[in-house]
Amino acid sequence: MFAFLDVSTAYFIAGLMYFIMPLIVWGSLRNTRHPSVTHWFIGGEFFALGILLLAVRPQVPEWASYDLANSLLALGSLLRLKGLLQLQDKHHHNAALIILGVAHSGGYILARQLLPDTPLFFVWSLLCIALELGLLSWHAHRIAQDQSLPSMRWLAGIYTPLVLLLLVRATTAVLWGNEPPNILTNNAVSVWIAMLGVVAAVVSNTSFLAMFVERAAKEREAQLALTAQRQATDILASKIAELDRQRSAYTMASTLSHELSQPLTSIQLYLDIWRANPQHTELQTILQGVDESTQLATGILQRMRDYGNSQRIQLQTVDLLKIHQQVMALLHNWLKAENISTQLHTNTPAALIEGDALQLSQVLINLYRNAAQASAQQARPQLHIHISSSPSHVTLQVRDNGPGFSPEALAQGGRVNFTSTKEQGMGIGLSIVRNIVEQHNADITLSNAPEGGALVQITFPATK
């Protein structure tokens with residue numbers, strides 16, 4: 001049937017194709033720097049040399065066309081299998097590959113030396129090559145499925161019929177022992193193996209090359225998707241920043257309105273007293289009260305202007321106790337009008353930290369006002385402030401005797417809005433306070449005190 005075909009020539013062509021195609025793959029992927037490319041290329045060249053030695057068996061010594069050729073086929077198959085394993089990030093199969101290679105070559109040489117007149121060594125070689133090509137086909141299928149690389153299905157598909165033909169050839173060698181144990185025997189199965197080998201050389205290497213093209217395309221798509229996601233995140237961040245700016249503007253406006261209400265009301269009261277009695281005997285006292293209230297209003301405006309102009313914190317050594325005293329002076333009239341009692345507990349004459357005095361003042365104003373407003377509905381509203389110092393930390397605790405934090409506020413750690421219960425309250429979110437605190441490398445925690453009320457604790461690193 002295939003008398004017109006020379007099996008040796010077919011194997012020689014297959015060997016040349018196995019030699020040329022890995023060179024093309026290597027040249028195309030030389031910049032990829034993936035170790036699988038190196039193993040695939042070297043394995044393909046060894047496999048090609050093994051096939052070429054088989055093809056020229058009549059012209060070379062037996063040890064070269066039998067033992068050496070068989071070892072090169074085993075080494076080439078296993079190196080290419082190593083490349084596919086690396087594509088799956090499987091790097092722990094070296095021992096198994098070495099054992100398989102030693103069993104293939106060693107078993108072949110041993111059987112040929114001990115039983116040269118039987119087809120055992122020939123069948124052993126066919127079965128080992130079938131196993132190795134079967135593993136190539138299986139791992140190519142896994143790569144195609146797991147990594148969505150359709151090109152690897154061609155590699156898996158071309159080796160599957162070749163494995164079946166090798167198994168058929170091994171079976172015929174056992175059943176019909178009258179045929180010489182030689183792959184170059186001119187029968188139908190040997191011819192089909194040779195012809196399919198030529199096709200496999202082209203298809204397998206083309207599939208391997210196409211797989212890297214597909215991987216590069218998928219990586220580009222992933223990079224484009226990541227870039228789009230980052231752009232969407234940047235847009236969202238800019239919108240959030242705009243909302244924060246709007247909220248800050250509202251906060252400053254509401255704070256300014258409420259803070260100025262006290263000194264302006266005082267000025268109005270003093271003027272009403274003077275209008276009711278222009279000849280009032282304590283005119284000097286009235287004018288002094290107006291002057292003090294005016295200075296207080298000026299100070300509030302200056303503080304709010306500084307707050308609005310501050311873009312980043314300026315760290316320097318500051319005394320948290322002194323900042324507390326300044327804040328209490330600013331809130332004194334309001335706390336007195338609200339009939340809120342405040343108590344300071346401290347264990348140190350100075351609590352030195354690295355911070356921005358203006359930003360820290362805003363934090364304390366926010367905490368004190370909200371704590372005071374949370375206690376406003378109590379019969380005796382109280383505000384307890386603890387400032388303690390240790391060699392490594394300075395701790396600020398603000399506790400009120402109000403209803404305490406809601407479960408939502410505790411669960412979200414202050415990322416919900418922390419607002420007062422009164423309409424004229426500041427409305428500043430505790431998340432803004434948290435942001436300022438974190439810029440000072442400090443920690444803030446929320447809890448409900450055992451004796452009742454909300455407890456906010458801020459822990460600053462102490463100045464070295």
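Up top is the structure.
These remarks concern the structure in this document.

Conventions and cut-offs
Residues numbered from 1 in each chain as written. Predicted model: local features only at pLDDT ≥ 70, side-chain atom pairs only at ≥ 80, totals over all residues. Heavy atoms only, no water. Helix = DSSP H or I, 4+ residues; strand = E, 2+ residues; numbered from the N terminus. Buried < 20%, exposed > 50% of the residue type's maximum accessible area, 1.4 Å probe, protein only. Contact = heavy atoms within 4.5 Å. Pairing = 2+ DSSP bridges. Axes fitted to C-alpha atoms, helices over the stretch in contact; angles between N-to-C directions. Phe/Tyr/Trp six-rings, centres within 6.5 Å; stacked < 30°, edge-to-face > 60°. Expected span 1.5 Å × (residues − 1). Polar contact = N/O pair within 3.5 Å; in protein donor to acceptor, adjacent residues only side chain to side chain. Parallel < 35°, antiparallel > 145°, perpendicular 65-115°, else oblique. Left-handed = near helix turned anticlockwise from the far one by under 90°. Nonpolar A, V, L, I, M, F, W, Y, C, P; charged D, E, K, R; others polar. Core = buried A, V, L, I, M, F, W, Y, C linked by side-chain atoms within 4.5 Å. Salt bridge = Lys/Arg side-chain N within 4 Å of Asp/Glu carboxyl O.

### Observations regarding the overall build of the protein chain
Alright, step 1. From N to C terminus, the protein chain includes 12 helices and seven strands.
Alright, step 2. Here the protein chain holds 464 residues, and the buried ones make up 44% of them.
Alright, step 3. When contacts within the protein chain are restricted to residue pairs at least 6 apart in sequence, those whose partners lie at least 24 apart make up 74%.

### A short note on the sheet that holds strand β7 (residues 454–461)
Alright, step 1. Taken in spatial order, the five strands make up an open sheet running β2-β4-β5-β7-β6, and their pairing is mixed. Each end of this open sheet is capped by a strand with a single partner; those strands are β2 (341–346) and β6 (443–448). For this sheet, the mean angle separating the axes of adjacent strands, direction not counted, is 15 degrees.
Alright, step 2. In this sheet, strand β4 (residues 382–389) lies alongside β2 in parallel orientation, the contact comprising six bridges. What sits directly across from His 345, in β4, is His 386.
Alright, step 3. Along the sheet, helix α10 (residues 357–374) makes contact with β4, β5 (393–400) and β7, crossing β5 at roughly 25 degrees.

### A look at the packing of aromatic side chains
Geometrically, a pair of aromatic rings is defined through the distance of the ring centres and the angle of the planes.
Alright, step 1. Under the criterion given, the structure shown has six aromatic pairs.
Alright, step 2. Summarising the aromatic geometry, the rings of Trp 40 and Phe 208 are spaced 4.5 Å apart at their centres and angled 5 degrees between planes, so their arrangement reads as stacked. With a gap of 168 residues between them, Trp 40 in helix α2 (residues 35–55) and Phe 208 in helix α7 (residues 188–276) connect regions that are remote in the sequence. The same class applies to Trp 40 as to Phe 208, namely buried.

### Structural notes on α10
Alright, step 1. Taking 1.5 Å of rise per residue, 18 residues should cover 26 Å, and α10 covers 25 Å from first to last C-alpha, within 8% of that figure.
Alright, step 2. Of all 18 residues in α10, 15 are buried, a share of seventy percent or more.
Alright, step 3. Of the residues that open α10, the one with a side-chain oxygen 3.1 Å from the backbone nitrogen of Gln 359 is Asp 356.

### Re the packing of helix α3 (residues 62–87) against helix α4 (residues 94–114)
Alright, step 1. Here α3 crosses α4 at 165 degrees, and the two axes come no closer than 10 Å. Taken together, α3 and α4 sit at an angle that is classed as roughly antiparallel. Considering only the axes of α3 and α4, their crossing is right-handed. Within the contact between the two elements, α3 uses Glu 62, Tyr 66, Asp 67, Asn 70, Ser 71, Ala 74, Leu 78, Leu 81, Lys 82 and Leu 85 and α4 uses Asn 94, Leu 97, Leu 100, Gly 101, His 104, Ser 105, Tyr 108, Ile 109, Arg 112 and Gln 113.
Alright, step 2. Of the residues assigned to the contact of α3 with α4, the class counts are nine nonpolar, seven polar and four charged.

### Some points on the nonpolar core
Alright, step 1. If you look at the biggest cluster of nonpolar residues, it comprises 62 residues, and the most contacted ones within it are Tyr 11, Leu 84, Met 152, Tyr 159 and Phe 208.
Alright, step 2. With 11 residues, the single largest contributor to this core is helix α5 (residues 120–146).

### Notes on the pattern of salt bridges
Alright, step 1. In this structure the tally under the stated criterion is four salt bridges.
Alright, step 2. Between Glu 62 and Arg 112 there is a salt bridge; the shortest N-O distance is 2.9 Å. Residue Glu 62 is located in helix α3, and its partner Arg 112 is located in helix α4; the two are separated by 50 residues in the primary sequence.
Alright, step 3. Overall, Glu 62 belongs to the exposed group, its relative accessible area being 52%.
Alright, step 4. You can call Arg 112 buried: its relative accessible area is 13%.
Alright, step 5. Among the salt bridges present, the one from Arg 112 reaches Asp 67, with a minimum N-O distance of 3.7 Å.

### What to know about the environment of Thr 445
Alright, step 1. By the secondary structure assignment, Thr 445 is in strand β6.
Alright, step 2. Residues Thr 445 and Leu 410, 35 residues apart in the sequence, show an inter-C-alpha distance of 9.1 Å.
Alright, step 3. Excluding residues that lie within four positions of it along the chain, Thr 445 makes contacts with Leu 455, Val 456 and Gln 457.

### Structural notes on α3
Alright, step 1. Taking 1.5 Å per residue, 26 residues should reach 38 Å; α3 reaches 37 Å between its end C-alpha atoms and fits that length.
Alright, step 2. When you tally the buried positions in α3, you get 21 out of 26 residues, the bulk of the element.
Alright, step 3. A positive phi of about 60 degrees marks Asp 89, the residue just after α3.

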